[in-house]
Amino acid sequence: MPEPQSAFRRILLKLSGEALMGREDYGIDPDVLTRIATEILQVQELGIQVGVVIGGGNIFRGAGLARAGMDRVTGDHMGMLATLINALALQDALERVGSHARVMSALQIHEVSEDYIRRRAIRHLEKGRVTIFAAGTGNPFFTTDTAAALRAIEIGADVLIKATKVDGVYTADPKKDATARRYDHLTFDRVIADRLNVMDTTAVVMCRENNVPIRVFDLHAGGALVRLARGESVGTLVTG
């Protein structure tokens, strides 16, 4: 791969399942999927290694049905399978735009994905393959935010990039409060103490303890991911 044109050698991108819906009510919007894949390819072309953790909320949310009476473990396992569906869709989109990708699952489903093995994942990244981590951590009661933090730490990512629907972290919901102010920079402790909606607390603590910065940005802002990868100040940065 070419030498990186930014401060990053390797990144972990966290995508929510809802990010794939676009204007649809559920499922996957093909146009959004292609746009995301194209931007990831552009990041790769900067010489940056890209890992991805993707959620499954566009297909299934285990926590919601658990509140309605479903066994939580069963619901969470169903949610993990939803992330695998999204991972396979993203892999296909990446290959269609000319990238190389591998899906690695925390659950063993050999017919459609590789098992997650840390050393093998790092080797895929070093060979220039986008490595998509599916099925969360493989354990119930853990969110895909926590899975993203775990994988970022395990692969030695320089930054965990959280894609959202807004351009950073605000003092309040900017869609409901016109006076909401966006933070350019926050500390991990401030995020935890003020209960700011960045990632779940477990994920934030893991990043804090392992010195992995978090960058929160708007996935739907065209070119934002590439500008971020080049080292521009995009969205909100969370550090120690």
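Here the residue index of a chain counts from 1 through its sequence in written order. Per-residue local features of the predicted model are confined to residues with pLDDT of at least 70, and side-chain atom pairs are confined, for both listing and counting, to 80 or more; whole-chain, interface and lining totals are unaffected and use all residues. Side-chain figures throughout are based on the complete set of non-hydrogen atoms in the structure, without hydrogens or water.

J.: Help me understand the overall build of the protein chain in this model?
T.: A run of H or I in DSSP counts as a helix once it spans at least four residues, and a run of E counts as a strand once it spans at least two, with each numbered from the N terminus. Scanning the protein chain from terminus to terminus reveals 8 helices and 11 strands. For 240 residues, the compact-globule estimate of 2.2 N^0.38 gives 18 Å, and the C-alpha radius of gyration of the protein chain, at 17 Å, lies within 12% of that figure. When its C-alpha atoms are laid out on the principal axes, the protein chain stretches across 50 × 50 × 35 Å. A simple rule labels every residue: compare its accessible area, found with a 1.4 Å probe on the protein chains alone, to the largest value its type can have, and call it buried under 20%, exposed over 50%, or partly exposed in between. Looking at the protein chain residue by residue over its 240 residues, the buried ones come to 50%. Working rule for contacts: check all heavy atoms of both residues, and any pair within 4.5 Å makes them a contact. The contacts of the protein chain with a sequence gap of at least 6 include a subset with a gap of at least 24, amounting to 71%. For accessible areas, the Shrake-Rupley method is used with a probe of radius 1.4 Å. Any residue's cover is judged against the shown protein chains and nothing else. Per element, the accessible surface of the protein chain, about 11300 Å² overall, is 48% carbon and sulfur. The charged-residue count follows a simple rule in which Lys and Arg add positive charge and Asp and Glu add negative charge, with His and chain termini not counted at all. By convention, the point assigned to a charge is CZ for Arg, NZ for Lys, CD for Glu and CG for Asp. Each charge class in the protein chain was averaged separately, 29 positive and 29 negative side chains, and the resulting centres sit 3 Å apart. Throughout, the radius of gyration refers to the C-alpha atoms, and the reference size of a globule is 2.2 Å times the residue count to the power 0.38.

J.: Quick question: what am I supposed to make of helix H7 (residues 201-209) here?
T.: Side chains that are three or four residues apart share a direction in an α-helix, a result of its 3.6 residues per turn. Taken residue by residue, H7 has Ala203, Val204 and Cys207 as its buried positions. Projected onto a plane normal to the axis of H7, the buried residues spread over an arc of 100° and lie on a single side. The secondary structure elements touched by the buried residues of H7 are helix H5 (144-155), strand E6 (159-164), helix H6 (188-193) and strand E10 (214-218). Under this definition, polar contacts are N or O atom pairs within 3.5 Å; protein pairs additionally need one hydrogen-donor-capable and one acceptor-capable atom, and for neighbouring residues in sequence, both atoms have to be side-chain atoms. The N-terminus of H7 is capped by Asp200, whose side-chain oxygen sits 3.1 Å from the backbone nitrogen of Thr202. One or two steps after H7, the chain reaches Asn211, where phi turns positive at roughly 55°. To be clear, the arc concerns the directions from the helix axis to the C-beta atoms.

J.: Can you help me understand the nonpolar core in this one?
T.: Across soluble globular proteins, nonpolar side chains show a tendency to be buried alongside one another. The biggest cluster of nonpolar side chains holds 39 residues, and the ones touching the most others in it are Leu13, Leu15, Ile40, Val52, Leu90, Ile132 and Phe217. If you list the elements that add at least two residues to this core, you get strand E1 (10-15), helix H1 (30-44), strand E2 (49-54), helix H3 (72-96), strand E3 (101-105), strand E5 (130-134), E6 and helix H8 (224-229). Leave out the neighbours within four places in its chain, and Ile40 touches Leu13, Val50, Val52, Leu90, Leu94, Val130 and Leu225. Throughout, nonpolar core names a set of buried Ala, Val, Leu, Ile, Met, Phe, Trp, Tyr and Cys residues whose side chains join them through atoms within 4.5 Å. Ranked by size, the runner-up nonpolar core spans 30 residues in total, among them Phe133, Leu196, Ala203 and Val212.

J.: Honestly, the packing of aromatic side chains in this entry has me stumped. Any pointers?
T.: Working definition: rings of Phe, Tyr and Trp (its six-membered ring) pair if their centres are within 6.5 Å, and the pair is stacked with planes under 30 degrees apart, edge-to-face with planes over 60 apart, and tilted otherwise. The tally for this structure, following the rule as stated, stands at 1 aromatic pair. Between Tyr116 and Phe133, the aromatic rings sit 5.6 Å apart at their centres with planes inclined by 85°, giving edge-to-face as the arrangement. Of the two residues, Tyr116 sits in the loop between strand E4 (114-115) and helix H4 (118-126) while Phe133 sits in strand E5, which places them 17 residues apart along the sequence. By relative accessible area, which is 17% here, Tyr116 ends up buried. Remark: a charge is flagged as sitting over a ring if the NZ atom of Lys or the CZ atom of Arg is within 6 Å of the ring centre and within 35 degrees of the ring normal. One Lys or Arg, Arg151, reaches over the ring of Tyr116 and ends 3.7 Å from the middle of that ring.

J.: Whenever I open this one, the sheet that holds E5 confuses me. Can you help?
T.: One key point about sheets: their strands pair by backbone hydrogen bonds, in either a parallel or an antiparallel sense. Strands were regarded as paired on the criterion that DSSP finds at least two bridges between them. On the basis of which strands lie adjacent, the open sheet formed by 9 strands has the order E4-E3-E5-E2-E1-E6-E10-E11-E9 and mixed pairing. Every interior strand has two partners, whereas the edge strands, E4 and strand E9 (185-187), have only one. When E9 meets strand E11 (residues 236-239), the two strands line up parallel, connected through 3 bridges. Across the sheet, residue His185 finds its bridge partner in E11, namely Leu237. The strands touched by H3 are E1, E2, E3 and E5; relative to E3, the strand with the most contacts, the crossing angle is about 170°. Orientation is described by axes fitted as lines to C-alpha atoms, over the contacting stretch for helices, and by angles from 0 to 180 degrees between their N-to-C directions.

J.: Where do I start with the pattern of salt bridges in this structure?
T.: A carboxyl oxygen of Asp or Glu within 4 Å of a side-chain nitrogen of Lys or Arg is what we treat as a salt bridge. Counted by the stated rule, this structure contains 14 salt bridges. One salt bridge connects Asp145 with Lys14, and the closest N-O pair in it is separated by 3.5 Å. Of the two residues, Asp145 sits in helix H5 while Lys14 sits in strand E1, which places them 131 residues apart along the sequence. According to the relative accessible area criterion, Asp145 is buried, its value standing at 12%. Of the charged contacts in the structure, one is a salt bridge between Arg72 and Asp76, with a shortest N-O distance of 2.9 Å.

J.: When you look at the pairing of E11 in this model, what are you seeing that I'm missing?
T.: Residues Thr236 and Val238 point to one face of E11 and are all buried, whereas Leu237 and Thr239, pointing to the other face, are not buried. Where E10 meets E11, 3 bridges bridge the pair, whose relative direction is antiparallel. Each residue of the ladder has a partner; that of Val216, found in E11, is Thr236.

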